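# Observations on the three-dimensional arrangement
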Amino acid sequence: MTINRRTLGKRLGGAALGLALALSGVALPGHATAAGFPEKSVTLVVWAGAGGALDTYGRKLAELLEKESGWSVKVDNRPGGSGAVGVSQIMTQPADGYNILVFTGTLTFGIAQGLIPFELKDFRMLRAMQSEPSSLAVLSDSPYKSVDDFVKYMKDHSNGLKVGGHAPGGFHQYMLYQLMKSGGFESGWIPHDASGKVTLALLGKHIDAAMMTPSTGLAQVKSGDIKLLGISTDKRSEFLPDVPTFKELGYDIEGAVWRGIAVKAGTPDDVVDSIQAAVDKVTASDDWKKFQAEQFQDSPDWKEEEFTKRAESDLARQFEFLKANGYVQ
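- For the chain, an unreviewed UniProt entry supplies the name Tripartite tricarboxylate transporter substrate binding protein and the organism Rhizobium daejeonense.
- Its UniProt record gives the chain the following Sequence similarities (unreviewed entry) comment, quoted word for word: "Belongs to the UPF0065 (bug) family."

Structure below.
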């Protein structure tokens, strides 16, 4: 093929433009994610201790980010302060995407109480990946075989049982509060700083009943050592078809706790796009779908805009409970 001077000039000009753009770091059209991100190991900061449902989620996410996207990922457990320790760890690091918070819907409870000294605007809420109800759980040999048994005893013996769960003033205590209002009884609350400790407390008979996610004691639920008397879903869970909902038992209670990831506000859009693209690969994988089913988890898959609106709505709705229980003035 013959190349004339005009054609050659165009080709050389196009090549020079491409080289100039590459040298200047300007992305060509079609490249929405940060070139080269991540260039080093990424840390998932899990704001709960090892062994609980959040830790299990965080470690599976780390595993699949490595497998599906080739990332190098470390998991850093930072329990304590109702999530404040983990959040503070993120906020002391640069807003560059290399430290990703793995957290739950109790974020809004912590912010509302001032336990977490930050605001929603300090985060970019990237993805909600799991959603799970609360449940009223007892040991299989408990004398309380139903929610009605539990409620009747508590009505006749105010604060007569030791009831506990994860965190003070969090999602599960909020669900207990709703059950108290609907059932007309009073109950105390024994908080634990990691969901895995709730299972141990129940098994060790340090508490009589727990409000907890089914996955908190998943092995014991599957084995039958722990019995779930009721769950806070709108209709029966496909994972727990034999467990009645609170609603069908006559208690107007519904709600779920979400788990997801966030980064520090100010993290560049191209870095966020890279993280979102990597998470897309995770959620599309057969390994993730199998994991979700095994862990009895729903998959909301809310991205940044929807996730942020949900968190804002949650924060606005939770003040009645927090005020009634003396957590806020």
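What follows picks up the thread again.
## Focus on the overall build of the chain
- Looking only at helices and strands, the chain has 12 helices and 10 strands in total.
- Residue burial in the chain is summarised as follows: out of 329 residues, 51% are buried.
- A separation of at least 24 residues holds for 76% of the contacts in the chain among residues at least 6 apart in sequence.
- In the form shown here, the chain has an accessible surface area of approximately 15,200 Å², with 51% of it arising from carbon and sulfur atoms.

## Comments concerning the side chain of Thr43
- Turning to its location among the elements, Thr43 is positioned in strand 1 (residues 42–46).
- Accessibility expressed as a relative area gives 12% for Thr43, which makes it buried.
- Beyond its immediate chain neighbours, meaning those up to four positions away, Thr43 contacts Lys74, Asp76, Tyr98, Asn99 and Ile100.

## Considerations on the sheet that holds strand 6 (residues 163–166)
- Strand order across the open sheet formed by 5 strands is 7-6-8-5-9, with mixed pairing between neighbours. Here the strands that pair on one side only, and so sit at the sheet edges, are strand 7 (190–192) and strand 9 (226–231). When the angles between neighbouring strand axes are averaged without regard to direction, this sheet yields 30°.
- As paired elements, strand 6 and strand 8 (residues 209–212) share 2 bridges and run parallel to each other. Pairing of Val163 across the sheet is with Ala209, part of strand 8.

## Some words on the pairing of strand 6
- Where strand 6 meets strand 7, 3 bridges bridge the pair, whose relative direction is parallel. By the bridge assignment, Gly165 is partnered in strand 7 with Pro191.
- For the crossover that starts at strand 6, traverses helix 6 (residues 171–183) and ends in the parallel strand 7, the hand is right-handed.

## Brief notes about the UniProt feature "transmembrane region" (unreviewed entry) in the chain
- Here, the residues flagged by UniProt with the feature "transmembrane region" (unreviewed entry) are residues 100–120.
- Helix makes up 33% of residues 100–120 and strand makes up 24%, while its end C-alpha atoms are separated by 15 Å.

## A closer look at unusual backbone geometry
- Along the chain, Phe37 connects to Pro38 via a cis peptide bond; the corresponding omega equals 0°.
- By the element assignment, Pro38 lies in the loop between helix 1 (5–24) and strand 1.
- The phi dihedral of Lys205 is positive, around 60°, even though this residue is not glycine.
- Its location among the elements puts Lys205 in the loop between helix 7 (195–203) and strand 8.
- The exposure class assigned to Lys205 is exposed, which follows from its relative accessible area of 52%.

## Observations concerning the packing of aromatic side chains
- Tallied over the full model, the rule gives 17 aromatic pairs.
- Pairing Phe37 with Trp71 gives two aromatic rings, centres 5.8 Å apart and planes at 85°, and the pair type is edge-to-face. Separated by 34 residues along the polypeptide, Phe37 in the loop between helix 1 and strand 1 and Trp71 in the loop between helix 2 (53–69) and strand 2 (73–77) bring together distant segments of the chain.
- What makes Trp71 buried here is its relative accessible area of 9%.
- A centroid spacing of 5.9 Å and a plane angle of 80° characterise the contact between Trp47 and Phe103, whose relative ring orientation is edge-to-face.

## Remarks on the packing of helix 2 against helix 9 (residues 269–284)
- The contact between helix 2 and helix 9 brings their axes to 9 Å, and the two run at 100°. Considering their axes alone, helix 2 and helix 9 lie roughly perpendicular with respect to each other. Here helix 2 contributes Leu61, Leu64, Leu65, Glu68 and Ser69 to the contact with helix 9, which in turn contributes Ala278, Val279, Lys281 and Val282.
- In terms of residue class, the contact of helix 2 with helix 9 is made up of 6 nonpolar, 1 polar and 2 charged.

Rules behind the numbers
Residue indices begin from 1 for each chain and proceed along its sequence in written order. For this predicted model, a pLDDT threshold of at least 70 governs which residues receive local features, and a threshold of 80 or more governs which side-chain atom pairs are given and counted, while totals over whole chains, interfaces and linings are taken from all residues. By convention in this description, side-chain values take in all heavy atoms of the structure and omit both hydrogens and water. UniProt positions are given in the numbering used here, feature names are shortened, and annotations may be inferred rather than shown by experiment. The numbering of helices and of strands both runs from the N terminus, where a helix is a DSSP run of H or I of at least 4 residues and a strand a run of E of at least 2. When a residue's accessible area, from a 1.4 Å probe over protein chains only, is under 20% of the maximum for its type it is buried; when over 50% it is exposed; and in between it is partly exposed. Contacts between residues were defined by any pair of non-hydrogen atoms, one from each residue, lying within 4.5 Å. Throughout, the Shrake-Rupley method with a 1.4 Å probe supplies accessible areas, and for residues the shown protein chains are the sole cover considered. Strands pair, by our definition, only if DSSP identifies at least two bridges between them. Working convention: axes come from line fits to C-alpha atoms, limited for helices to the stretch in contact. Angles between N-to-C directions cover 0 to 180 degrees. The crossover handedness rule: strands pointing away from the viewer, path from first strand over the helix to second strand clockwise, crossover right-handed. Aromatic contacts are taken between Phe, Tyr and Trp rings whose centres are within 6.5 Å, Trp giving its six-membered ring; a plane angle under 30 degrees counts as stacked, one over 60 as edge-to-face, and the others as tilted. By the definition adopted for this analysis, an angle is roughly parallel if under 35 degrees, roughly antiparallel if over 145, roughly perpendicular if from 65 to 115, and oblique otherwise. As a working rule, the residues Ala, Val, Leu, Ile, Met, Phe, Trp, Tyr, Cys and Pro are called nonpolar, Asp, Glu, Lys and Arg charged, and the rest polar, with Gly in that last group.

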